[in-house]
Amino acid sequence: MNLEGVGIWSSQLRYGDQAEAAEAAAELEELGFPALWIPDVGGPVLDSVQNLLGATKRTVIATGILNLWMHEPADVAAGYAQLTADHGDRFLLGIGVSHAPLINSREPGRYRRPLAATSAFLDGLDSAATPVPMQNRVLAALGPKMLTLAAERSRGAHPYLTTPEHTARARETLGEGPLLLPEQTVILSADRDEARSIGIPWLRGYLAMPNYANNMLRSGFTDEDVQTVSDRLFDALIAWGDEETVLGRVREHQSAGADHVCVQVLGADQQAFPREQWRRLAAALR
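Here is what the cut-offs are and how they apply
- Residues numbered from 1 in each chain as written.
- Predicted model: local features only at pLDDT ≥ 70, side-chain atom pairs only at ≥ 80, totals over all residues.
- Heavy atoms only, no water.
- Core = buried A, V, L, I, M, F, W, Y, C linked by side-chain atoms within 4.5 Å.
- Buried < 20%, exposed > 50% of the residue type's maximum accessible area, 1.4 Å probe, protein only.
- Contact = heavy atoms within 4.5 Å.
- Helix = DSSP H or I, 4+ residues; strand = E, 2+ residues; numbered from the N terminus.
- UniProt positions renumbered as here; feature names shortened; annotations may be inferred.
- Phe/Tyr/Trp six-rings, centres within 6.5 Å; stacked < 30°, edge-to-face > 60°.
- Lys NZ or Arg CZ within 6 Å of the ring centre and 35° of its normal.
- Arc of directions from axis to C-beta.
- Pairing = 2+ DSSP bridges.
- Right-handed = clockwise from strand over helix to strand, strands pointing away.

A few words now on the nonpolar core. Counting residues in hydrophobic clusters, the biggest one holds 59 residues, and the most contacted among them are Leu-13, Leu-93 and Leu-125. When residues no more than four places from it in sequence are discounted, the contact partners of Leu-125 are Pro-73, Val-76, Ala-77, Leu-93, Ile-95, Pro-131, Val-132 and Arg-137. Formed by 35 residues, the second largest nonpolar core is a distinct cluster that contains Leu-161, Phe-221, Trp-240 and Leu-266.

Given below as structure tokens:
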């Protein structure tokens, strides 16, 4: 698996029209992006992985992340085995524990002991009829305990909604061997008001989740920063401006120890595939 350089993280590839998702994935491969990442907040995520693998020839398809509360490890391992048999060694299984408000809204009290739940899910993958290889899975990880588990029982960590400073701390916790694959949200607009109108509602949804809010507090931001989405916090989490500004933030992650950075593009219409912005980023990377 080529897990270097810059990839694309996209909810549209997961939840948008699947025919367009396949077409977009084929174009992203031709544009030179080595990996495409998709989320999972319910539903048949492996069907979307199948769609993207079938549309590409070389690109790694990664879940960022597969929600462990919503799947049985034996089923995931069987699906993983079939996908790799059909498409080769191009599926990176990103696994995550999600967030208490999301999981408990469906089944109150289910979300508990996230570190133990992650370990148990990994145990299930290891004991499946066809285990998922440790080198082909990574964990969503923000805090030191989950980062340590990622280093011990997977190929590395996929932190989401973080900063280059967090990347540096994560690299120190992981050590030199495991992969570090952070997500970076970007808005290709040099107009501050436009960028904030796009990014603030999106950020509020994530910062309502305790895992992300607590990570911001660990990172030196205040309750007021989180509650108001201060300019300081906004600028730290979202790289907005022209292509060079975005690539400058990517380079900060790389300098801090990231092996691969997956870029998530936000636009005014967050349901639409941001294909023109992806093309602009690809041209800047070349």
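So much for the structure itself; the text now carries on.
In this fold, Glu-172 is placed in helix α8 (residues 164-174). Residues Glu-172 and Leu-147, 25 residues apart in the sequence, show an inter-C-alpha distance of 10.0 Å.

Looking now at the UniProt feature "domain: Luciferase-like" (unreviewed entry) in the chain. Mapped onto this numbering, the UniProt entry annotates "domain: Luciferase-like" (unreviewed entry) at residues 17-260. As annotated, residues 17-260 comprises 55% helix and 13% strand, and the C-alpha atoms at either end are separated by 27 Å.

What follows is about the packing of aromatic side chains. Following the criterion strictly, the structure yields six aromatic pairs and no others. Counting every residue linked through ring pairs, the aromatic cluster contains Trp-9, Tyr-160, Trp-202, Tyr-206 and Tyr-212. Over the ring of Phe-234 we find Arg-196; its NZ or CZ atom is 5.1 Å from the centre of that ring.

For the rest of this paragraph, the subject is helix α14 (residues 275-285). Within α14 the residues assigned to the buried category are Arg-275, Trp-278, Leu-281 and Ala-282. End-on view of α14: buried residues confined to an arc of 120 degrees, all on one side of the axis.

Okay, the pairing of strand β5 (residues 91-96) next. The buried fraction of β5 amounts to six of the six residues, a majority that puts the element mostly inside the structure. On β5, burial covers both faces: Phe-91, Leu-93 and Ile-95 on one face and Leu-92, Gly-94 and Gly-96 on the other are all buried. Relative to β5, strand β3 (residues 60-63) is paired through two bridges, and the arrangement is parallel. Bridge pairing links Ala-62 to Leu-92 in β5. Here strand β4 (residues 66-67) pairs with β5 via two bridges, running parallel. By the bridge assignment, Asn-67 is partnered in β5 with Gly-96. Taking the sense of rotation as the criterion, the β-α-β connection linking β4, helix α4 (residues 73-87) and β5 turns out right-handed. Strand direction decides the pairing type here: β5 and strand β6 (residues 137-139), joined by three bridges, are parallel. Bridge assignment links Leu-93 to a residue of β6, and that residue is Arg-137.

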